[in-house]
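What the coordinates show
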Amino acid sequence: MYKTSIVPFLQPLISLWRTWWRKQTPNRQDRFAFMAPLAAVVLFMAAITTAFWYLRYEELDREQEVVHRDVEYAQQRMRLRLLDKQEQVMRLARDITDGGTNQKTFNTEAKAVLIQSLEMARLTWVDPALRIQATYTTPSSNSTQTLLTGQVIANSETMHAFQLARELHQPVYSHPVLEKNPTKTAYAYLQLHVPMYNRGKFEGVIIAEYSMEGMLRFAVPSEVAERYAVSLRDASNKVLAGQANSSKPKVTEVLPWLFRTNEYEVPITPVGYELTLHAQAYRTSNGLVGNGVFWLVAVLSAMTAWMLIGTWRHTRRRVQVQQALVAETNFRRAMENSILTGMRAMDLKGRITYVNAAFCQMTGWTEEELVGRVPPFPYWPDEDRETLEEKLAQELQGETTSSGFQVRVKRRSGEVFDARLYVSPLIDARGQQTGWMTSMTDITEPNRVREQLSAAHDRFTTVLEGLDASVSVAPLGSKELLFANKLYRQWFASTTQGHLNLVSQAGQPRTMSASEAADDDGQDQDDGLMGLPTEGMTETKSENAEIYLPELGKWLEVRSRYLNWVDGRLAQMVIASDITARRQAEEQAQVQAERAQSASRLITMGEMASSVAHELNQPLTAINNYCSGMVSRIKANNLSEEDLLKALEKTAHQAQRAGQIIQRIRSFVKRSEPNRTPSDVAAMVIEAVELAGIEMRRRQVRLSQVVAARLPAVNVDPILIEQVLVNLMRNAAESIDLAQRPLTQRDVELKVLPRQEEGHPVIEFSVTDTGRGLAPEVMERLFEAFFSTKSEGMGIGLNLCRSIVESHQGRMKAENLYNADEITGCRFSFWIPVR
């Protein structure tokens, strides 16, 4: 019997059935009425199925016993036959060792043995060196090997069995071997190795080769072969000879009891477990399916089951109807008890016939105390009795409105609250009016909230009216003004024209480029206008817009946002603040900054006055010398026209050089309006180097430049950037001079290179000197206004330089340069964005 349990496979089905059953039958009585017919059907079908299964199992068990007996009988016959053939081969081996058989007579005796043993295919005499002395093969052999006298055997299986027989001194069977012959048909054989010993000396073996097909044909009894599909198989269940039974379905690996095949196998004793005899019975009986009694009982069982299922379905429908009725009743009762609205029913004469729990809870009177009462009712306040009697008379006459009416109700404790009553006629199943149904809602809290909201609205309106900013709200696509505070009405009256003018001037429609959209996505992942329409809407900048209104003569800061109005419409709120005073202060500050920049340049030129004078002295001295020489030579009549022309050209060149120096200084120091234009970086560097070079030459400082090629243009004021570069290079030369560096170490390096700053392209300017650097306390206050390390300094140079750089959206920094722990110089650098 198969011992595999089917309970684990039925557990999920049992759980599903249990859950469905409890939903269908919530109480025990319904479960019994629901399950009784179904249990009868299940028990009846289980009994019939068990009876047929038991009969079938008994039949299969008897057939299995017959198969076992027949296979054991066939195995015994095959074992006796193999032992008999083994004895014949052993006699042949003894004849060889005794000298009675030699190589010439071996074939004759081997032929005689093979004629008597049809399952044998070959006899071979092998000496101790595995060399064939003699061999004889039956003509009907299908062997793929051709053995010749004198040939050395190299087959691994044969060599293994040969060595084992030599060591054990007794006959040994090899493992079954399956080979393919040239005709692509399988040939299986088994070898018997009988060792030969003469007075303890090993003289070789006699190899008897058995054909598996021959063993199956001549060793298995014919009566067994007729009744079963018999086959010989090796240890891996591979068929060596005979018929292979059909493979079992995959489901038998999980449920082996579904398909039971009547088969049996047993090992062949002389050979061992390497060779087994397998037999499977042919099906001869029709089984239960072909039995007429089976079909008769099956039909009667189906009819019985059908009647039981019909009874079960009827019972189930009845139980379901009862459950639906109970559920509907409970639902209506629960809904009636859970609502917060009081319900009261009266007949046509005004007598109370029904009140719900909420009505009783509101009034404080019980249902028994209210049902059957007639006016005046106990929950009427004494001071409102006449008014309530009039309302009741109108109610009984049907003179009510759908919006209801508000009354005061007195609780049992004497407390009075506000309520709203809604009256509707009460119609029975025949369509006749039997009374009136009144619903009562406590509106004390809504009235209190409404009063608070009204007060809050008044306070909010007062705050908005007192703001010093204009506030207006208007719906999109409409000229309606939803709200305007006092200042808006003073500026623009009560029309939407001022609101629309502010929106149109503060935010103009524009189309964002792909790069701007990418930047915007990267900087702000949360869209404040999410959900708003994307077409036909004015796009406004995220920062506050500042506009000037000539009709008011004011500068206004305009802020706007979208909101949902109380009626659900999308509206735009605009807040405009008067910033005229702030703008005037900013303009004055800008003028002061420009004056400070101009003064700084004048101070720089004043500090460089001696250097400039020295620089101008050279061309002026050269002019004086040229003129004096020409006068002397003219007086001496020793000047030709050609020499005069050369002297005049040199004089003009020196005058031009002096003029360029004066013009460069004049352009640097003159006051002008800030003018930011796309400027060439290389040209700005050349102008700054020419001006700073005057000071550096006076202080004997070398200047080296590293300017990248093909630098992009930057949108700057070139005079201001030149001022920053001149100040930094002058400070570097002064630092080297104060450090008293030798001539070989008096170097200033100017680098102008492109780089990336937070993913954006910038141009970096750096000035590196070989001075003494900056002390830590100086580094902390380096860019403070009016802080200076020079005795005659004003402390506005570096502060002004940083202000200029930051006004161009750039940054400036300073750092010391070190060689180990020694300060070897200082580097000032700043960058300007390309865009």
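Note that the structure is predicted; figures quoted are calculated from it, not measured.

1. A word on the overall build of the protein chain
Of the regular secondary structure elements, the protein chain holds 21 helices and 27 strands. Relative to its full complement of 835 residues, the protein chain shows a buried share of 36%.

2. Digging into the environment of leucine 190
Considering the arrangement of structural elements, one finds leucine 190 in strand E5 (residues 186-198). We classify leucine 190 as buried; its relative accessible area is 0%. On a C-alpha basis, the gap between leucine 190 and tyrosine 210 in space is 5.0 Å, while along the polypeptide they are 20 residues apart. Those residues in contact with leucine 190 that lie beyond four places of it in its chain are Tyr173, Ser174, His175, Pro176, Ala208, Glu209, Tyr210, Met212, Met215, Val271 and Leu275.

3. With respect to the confidence of the model for the protein chain
Any region with low pLDDT has predicted coordinates that should not be read closely. Here the protein chain averages 79 in pLDDT, and 79% of its residues register 70 or above. The secondary structure element of the protein chain with the lowest average pLDDT is helix H14 (residues 514-523), at 42, and the one with the highest is strand E25 (residues 760-769), at 94. Across residues 1-6 the pLDDT falls below 50, and counting only partners more than four positions away or on other chains, this stretch makes 9 contacts in the model. Predicted confidence for residues 508-542 stays below pLDDT 50, and this span has 21 contacts to residues more than four positions away or in other chains.

4. Remarks on a nonpolar patch on the surface
A surface patch of nonpolar side chains, amounting to about 390 Å² of accessible area, comprises Leu296, Val299, Leu300 and Met303. With respect to the helices, strands and loops of the structure, leucine 296 is situated in helix H7 (residues 292-338).

5. Looking at the pattern of salt bridges
Inspection of every chain in the model, using the stated rule, returns 30 salt bridges. Here glutamate 87 and arginine 94 are joined by a salt bridge, their closest N and O atoms 3.7 Å apart. A residue is classified by how much of its surface remains accessible, and glutamate 87, at 34% relative accessible area, is partly exposed. Take arginine 94: its relative accessible area is 38%, and that puts it in the partly exposed class. Between arginine 412 and glutamate 369 there is a salt bridge; the shortest N-O distance is 2.9 Å. Note that arginine 412 is positioned in the loop between strand E13 (405-410) and strand E14 (416-427) and glutamate 369 in helix H9 (residues 367-370), a separation of 43 residues in sequence.

6. Focus: the pairing of strand E2 (residues 132-137)
In terms of burial, E2 is largely enclosed, as 5 of its 6 residues are buried. Both strand E1 (residues 120-126) and E2 contribute to a ladder of 5 bridges, which runs antiparallel. Within E2, the residue paired with arginine 122 across the bridge is threonine 137. Hairpin remark: E1 followed by E2, antiparallel, with 5 residues in the connecting loop; positive phi at leucine 130, about 65°.

7. Observations regarding helix H3 (residues 103-116)
Helix length check: H3 (14 residues) gives 21 Å between terminal C-alpha atoms against 20 Å at 1.5 Å per residue, within 8%. Buried residues of H3: Phe106, Ala110, Val113 and Leu114, and no others. The buried residues of H3 occupy an angular sector of 95° when the element is viewed end-on, so they sit on one face. In H3, the exposed positions that point more than 90 degrees away from the buried face belong to Lys104, Thr108, Ile115 and Gln116.

8. Comments concerning helix H18 (residues 681-698)
Each α-helix turn comprises 3.6 residues. Residues three or four places apart therefore point the same way. The end-to-end C-alpha distance of H18, which contains 18 residues, comes to 26 Å, matching closely the 26 Å that a straight helix rising 1.5 Å per residue would cover. Taking the largest bend as the criterion, H18 deviates by roughly 35°, centred on alanine 692. All buried positions along H18 are accounted for by Val681, Met684, Val685, Ala688, Val689, Leu691, Ala692, Gly693, Ile694, Glu695 and Met696. Once H18 finishes, glutamine 700 follows within two positions and takes phi at roughly 55°, a positive value.

9. Digging into the sheet that holds strand E18 (residues 545-549)
The strand order E17-E16-E20-E19-E18 describes an open sheet built from 5 strands, whose pairing is antiparallel. Each of the sheet's edge strands pairs with one partner strand only, and the pair in question is strand E17 (483-484) and E18. Pairing of strand E16 (residues 469-475) with E17 involves 2 bridges; the strand directions are antiparallel. Across the sheet, serine 472 pairs through a bridge with alanine 484, a residue of E17. Where helix H13 (residues 497-506) meets the sheet, its contacts fall on E16, E18, strand E19 (554-564) and strand E20 (570-578), and the angle it forms with E18 comes to roughly 125°.

10. Quick word on the packing of aromatic side chains
A full pass over the atoms with the stated rule returns 11 aromatic pairs. With centroids separated by 5.3 Å and ring planes inclined at 55°, the aromatic side chains of tyrosine 197 and phenylalanine 202 adopt a geometry described as tilted. By relative accessible area, which is 23% here, tyrosine 197 ends up partly exposed. On the basis of an interplanar angle of 90° and a centroid distance of 6.2 Å, the ring pair of tryptophan 491 and phenylalanine 492 is categorised as edge-to-face.

11. Notes on the sheet that holds strand E10 (residues 272-281)
Reading across the sheet, the 4 strands line up as E8-E7-E10-E9 and stay open at both edges, with antiparallel pairing between neighbours. The open sheet has two edge strands with one neighbour each: strand E8 (239-242) and strand E9 (263-268). In this sheet, adjacent strand axes meet at a mean angle of 25° when their direction is disregarded. Alignment of strand E7 (residues 228-234) against E10, held across 7 bridges, turns out to be antiparallel.

12. Some words on the side chain of serine 470
With respect to the helices and strands, serine 470 occurs in strand E16. You can call serine 470 buried: its relative accessible area is 1%. Ignoring any residue separated from it by four or fewer positions in sequence, one finds serine 470 in contact with Asn485, Leu487, Tyr488, Trp491, Phe492, Val574, Ile575 and Ala576.

Procedures and definitions
Residues numbered from 1 in each chain as written. Predicted model: local features only at pLDDT ≥ 70, side-chain atom pairs only at ≥ 80, totals over all residues. Heavy atoms only, no water. Helix = DSSP H or I, 4+ residues; strand = E, 2+ residues; numbered from the N terminus. Buried < 20%, exposed > 50% of the residue type's maximum accessible area, 1.4 Å probe, protein only. Contact = heavy atoms within 4.5 Å. pLDDT = per-residue confidence, 0-100. Patch = residues over 30% accessible without salt bridge, like charges linked within 9 Å, V, L, I, M, F, W, Y side chains within 5 Å. Areas by Shrake-Rupley, 256 points an atom, 1.4 Å probe, with all protein chains shown as cover. Salt bridge = Lys/Arg side-chain N within 4 Å of Asp/Glu carboxyl O. Pairing = 2+ DSSP bridges. Expected span 1.5 Å × (residues − 1). Arc of directions from axis to C-beta. Bend = angle between axes of the 7 residues up to and from the residue. Axes fitted to C-alpha atoms, helices over the stretch in contact; angles between N-to-C directions. Phe/Tyr/Trp six-rings, centres within 6.5 Å; stacked < 30°, edge-to-face > 60°.

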